[in-house]
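# Coordinates in review
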Amino acid sequence: PEKEEKEAKKPEKEEKEAKKPEKEEKEVKPPKRPRRMLGAFGEVPGPLVPLYDFYHSATGRLARKAGAVALLVMMVFFASGYQAHCQQMAEGLSHPQIMMMGRGSRGEPMIIDDFREAYWWLRDNTRTDARVLSWWDYGYQINGVGNRTTLADGNTWNHEHIALLGKILVSPEEKSWSIARHLADYVLVWTTRWAGMSADDLAKSAHMARIGSSVYDDVRFQDFWMDHSGRPSKMMKESLLYRLHHVGIDPSEPKLKYFKHAYTTKYRMVRIFKIKNRSRESKAFCKEALEWAKEHGGGGKYPPALDEVLAQRQAFSRQKEGRYHF
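First, a word on scope: everything that follows refers to the structure included in this document. Treat the numbers as computed from the prediction; the structure is a model and nothing was measured.

## Looking at the overall build of the chain
For the chain, the count of helices and strands is 13 helices and seven strands. Here the chain holds 326 residues, and 35% of them are scored as buried. Looking at the chain as shown, the accessible area adds up to about 22100 Å², and 56% of this sits on carbon and sulfur atoms.

In structure tokens form, the structure reads like this:
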């Protein structure tokens with residue numbers, strides 16, 4: 001009977017188990033990834049995680065070491081080149097500014113001494129009251145090394161006076177002489193192109209013409225130029241500056257009428273010319289005006305013979321200067 005009773009209860013038990021609600025399957029969550037921190041900057045942004053993982057991997061550590069070695073090699077390479085550059089610059093800057101070390105046609109070292117040579121020639125072969133007309137760049141050197149008075153130097157702030165010098169240098173010979181004879185006794189020009197250096201007065205002459213034209217309307221800088229082949233314009237070829245560069249060296253250049261060649265340095269880098277028929281009255285006037293200025297203050301004065309030339313000048317202004325920029 002007990003066996004029958006158990007068999008009778010078995011279907012009931014199975015029925016109850018069938019009626020029990022099925023247990024909800026638990027949702028499987030992916031494992032949390034470890035937080036990647038950048039110190040005080042916080043967690044690494046998502047797009048940078050692969051890069052962060054590579055950086056801290058074994059391959060990343062190897063790449064970092066290889067990069068460090070390559071950077072060290074590059075630093076040594078560039079440092080050696082920089083050392084050579086510094087040595088070269090030191091040798092160049094250690095030379096006196098008016099003397100240079102050069103190489104001859106056979107590569108032998110040589111001293112290029114033309115600038116000192118020219119200034120000492122002025123010191124030893126001209127009167128102590130001689131006045132030298134040159135572009136303002138060389139004023140200090142002429143005064144300091146040659147001990148002669150110059151018409152302008154690096155501290156000449158009067159733009160209209162610099163414009164007058166530009167007008168003299170870029171004008172034809174006779175017109176230049178008619179002004180220069182009242183201001184100076186000699187004209188000095190740099191002619192370094194004859195020694196293979198192009199940074200001479202002809203190279204700067206475009207600036208002279210532009211500065212002159214900013215005050216004097218009769219100076220047309222547009223007509224003053226030299227093309228890439230070295231061929232000058234008509235205005236440049238007729239200018240005093242061009243003629244002082246070429247006369248006596250270029251056989252095709254005719255002789256000067258109002259200027260006399262006085263000296264050319266060894267390598268033809270500097271040339272000096274004496275102005276013919278200089279005005280003694282103008283020189284005496286300038287000397288008296290200078291003595292008066294020293295006693296009472298003020299600056300020197302132009303001689304009255306230049307009143308007609310000075311009357312043609314236009315007051316310089318920054319607005320007008322803007323038309324003459326390169």
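## Overview of the pattern of salt bridges
Counting across every chain of the model gives 17 salt bridges. Between Lys204 and Asp137 there is a salt bridge, and its shortest N-O distance comes to 3.0 Å. Of this pair, Lys204 sits in helix α8 (residues 201-213) while Asp137 sits in the loop between β3 (131-133) and α5 (139-144); the two residues are 67 residues apart in sequence, bridging distant segments of the chain. Here Asp137 falls in the partly exposed class, since its relative accessible area comes to 31%. The network of salt bridges with common partners includes Arg127, Asp129, Arg131, Asp185, Arg278 and Lys283.

## Some words on helix α6 (residues 159-170)
For α6, with 12 residues, the first-to-last C-alpha span of 16 Å sits near the 16 Å given by 1.5 Å per residue. For α6, the tally of buried residues reaches 10 of 12 residues, placing the bulk of the element in the interior. Along α6, the residues that are buried comprise His161, Ile162, Ala163, Leu164, Leu165, Gly166, Lys167, Ile168, Leu169 and Val170. Looking at the packing, one finds that the buried side of α6 touches β3, α7 (173-180), α8, α9 (234-238), α10 (240-246) and α12 (307-310). The distance from a side-chain oxygen at the start of α6 to the backbone nitrogen of Glu160 is 3.0 Å, and the residue carrying that oxygen is Asn158.

## As for unusual backbone geometry
Of note in this structure, Asn147 is not a glycine but carries a positive phi near 55°. Following the sequence through the fold, Asn147 ends up in the loop between α5 and β4 (149-150). Not every positive phi belongs to a glycine, and Arg268 is a case in point at roughly 60°. Assignment of secondary structure puts Arg268 in the loop between β6 (259-264) and β7 (270-275). By relative accessible area, Arg268 is classed as partly exposed at 36%.

## Section: the side chain of Asp201
Position of Asp201 relative to the elements: it lies in helix α8. Notably, Asp201 is buried but unbridged: the nearest opposite-charge side chain belongs to Lys204, and the N-O separation is 4.6 Å. Excluding its chain neighbours within four sequence positions, the residues that come into contact with Asp201 are Tyr138, Leu188, Val189, Trp190, Met208, Leu241 and His245.

## Focus on the sheet that holds β7
A sheet is described by the order of its strands in space; here five strands give the open sequence β4-β3-β5-β7-β6, paired in mixed fashion. Of all the strands in the sheet, the pair left with one neighbour each is β4 and β6. Two elements, β3 and β4, share two bridges in a ladder whose sense is parallel. If you follow Arg131 over to β4, its bridge partner there is Thr149.

## As for the pairing of β6
Inspection of the sheet shows β6 paired to β7 by five bridges, in the antiparallel sense. The partner of Thr264 across the bridge, within β7, is Arg271.

## Re the nonpolar core
Tyr119, Leu133, Leu164, Ile168, Leu188, Tyr216 and Phe259 are the most contacted members of the largest nonpolar core, which totals 57 residues. Broken down by element, this core gets its largest block of residues, seven residues, from α6. With residues near it in sequence (within four places) discarded, Leu133 still touches Leu151, Leu165, Ile168, Leu169, Ala180, Ala184, Tyr186, Val187 and Leu188.

## A short note on the layout of surface pockets
Estimated volume of the largest pocket: approximately 920 Å³. Put simply, the parts of the chain that give the lining of the largest pocket at least two residues each are α5, β4 and α11 (280-296). With seven residues, the top contributor of residues to the lining of the largest pocket is α11. Of the residues belonging to the lining of the largest pocket, the class tally is eight nonpolar, 10 polar and eight charged. Looking at the second largest pocket, its volume works out to about 260 Å³.

Calculation notes
Residues numbered from 1 in each chain as written. Predicted model: local features only at pLDDT ≥ 70, side-chain atom pairs only at ≥ 80, totals over all residues. Heavy atoms only, no water. Helix = DSSP H or I, 4+ residues; strand = E, 2+ residues; numbered from the N terminus. Buried < 20%, exposed > 50% of the residue type's maximum accessible area, 1.4 Å probe, protein only. Areas by Shrake-Rupley, 256 points an atom, 1.4 Å probe, with all protein chains shown as cover. Salt bridge = Lys/Arg side-chain N within 4 Å of Asp/Glu carboxyl O. Expected span 1.5 Å × (residues − 1). Contact = heavy atoms within 4.5 Å. Polar contact = N/O pair within 3.5 Å; in protein donor to acceptor, adjacent residues only side chain to side chain. Lys, Arg positive; Asp, Glu negative; His and termini not counted. Pairing = 2+ DSSP bridges. Core = buried A, V, L, I, M, F, W, Y, C linked by side-chain atoms within 4.5 Å. 1 Å grid on protein atoms, 1.4 Å probe; cavity = no way out; pocket = protein on both sides within 12 Å on 5 of 7 lines; lining within 4 Å. Points joined across faces, edges and corners; volume = space filled by probe spheres on them. Nonpolar A, V, L, I, M, F, W, Y, C, P; charged D, E, K, R; others polar.

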